[in-house]
Amino acid sequence: MKPSTEAKLSKDNADGPATRERVLLEAARLFRHHGYAATTLREVADAAGVKAGSIYYHFESKEQILGEVLDKGITIVADAVRTRVAALPESAPWRDRIAAGIEGHLWGMLHYGDFTSANIRIYGQIPISAKNRHRIVRRAYADYWDRLFESALASGELRQDTSTAMIRLFVIGALNWTVEWYNPQRGSFQDFSRQITAIVFDGILMHDKA
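Residues numbered from 1 in each chain as written. Predicted model: local features only at pLDDT ≥ 70, side-chain atom pairs only at ≥ 80, totals over all residues. Heavy atoms only, no water.

The protein chain has the name AcrR family transcriptional regulator in an unreviewed UniProt entry, where Hydrogenophaga laconesensis is given as its organism.

1. Thoughts on the UniProt feature "domain: HTH tetR-type" (unreviewed entry) in the protein chain
The feature "domain: HTH tetR-type" (unreviewed entry), as annotated in UniProt, sits at residues 17–77 in this numbering. In this annotation, residues 17–77 is assigned 69% helix and 0% strand; the end-to-end C-alpha distance for the span is 21 Å. (UniProt positions renumbered as here; feature names shortened; annotations may be inferred. Helix = DSSP H or I, 4+ residues; strand = E, 2+ residues; numbered from the N terminus.)

2. Quick word on the environment of D96
Within the secondary structure layout, D96 lies in helix 5 (residues 94–111). Note on D96: relative accessible area 37%, which makes it partly exposed. C-alpha separation for the pair D96 and V85, spaced 11 residues apart in sequence, amounts to 8.4 Å. (Buried < 20%, exposed > 50% of the residue type's maximum accessible area, 1.4 Å probe, protein only.)

3. Observations regarding the UniProt feature "DNA-binding region" (unreviewed entry) in the protein chain
According to UniProt, the feature "DNA-binding region" (unreviewed entry) maps to residues 40–59 in the numbering used here. Secondary structure content for residues 40–59 is 40% helix and 0% strand, and the end C-alpha separation is 14 Å.

4. Points about the packing of aromatic side chains
Taken as a whole and judged by the stated rule, the model has five aromatic pairs. Their ring planes at 35° and their centres at 5.4 Å tell us that W145 and F149 sit as a pair that is tilted. Placement of both W145 and F149 in helix 7 (residues 128–154) is noted, with a separation of four residues, approximately one turn of the helix. F149 carries the same exposure label as W145, and that label is buried. One cation-aromatic arrangement involves R97 over W94; the distance from NZ or CZ to the ring centre is 4.2 Å. Against the face of Y123 rests K131, its NZ or CZ located 5.1 Å from the ring centre. (Phe/Tyr/Trp six-rings, centres within 6.5 Å; stacked < 30°, edge-to-face > 60°. Lys NZ or Arg CZ within 6 Å of the ring centre and 35° of its normal.)

Here it is, written out as structure tokens:
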């Protein structure tokens, strides 16, 4: 190995967390737009501005990068949801807690679009081993929403004629795809979140106020 190459690898290694985060960010972007199978480690390295060999200072394999991209796509959203719900007073009605969760989910989805969109787009393409490891993170987030909806059901605030699992699949499924069509130039995030929340709670039809 040439001295200059060794120096480059050492610098990439010394950069530590910054280089690692850059690799993950570029991998998420490439996975999102080109898919997992079609993206090579060399392409990830080039996009991140590092030598291909230096990636192995930070990750053991392409599958490890995939796993961290997928996990981050969920944990970013989950953390935003939990933070907003936890900030409410204990006496807050479940409608307000669910609304806070919806806002948190949308915020995570739309502010970290490459990670969240990659998670949605490529999940069906990835190796079974990677899917099995990531399923734990996905399940934990789904369980959080199930508990939220079950508590709302127990309090009498949620409709009784539909299972909480179906409600969660419908709501989270609808929220997830906003990352593909949301346009920030058409209004503020706050207005967008309020409109989505209103549709989730009240539907699309006019109601008799009487």
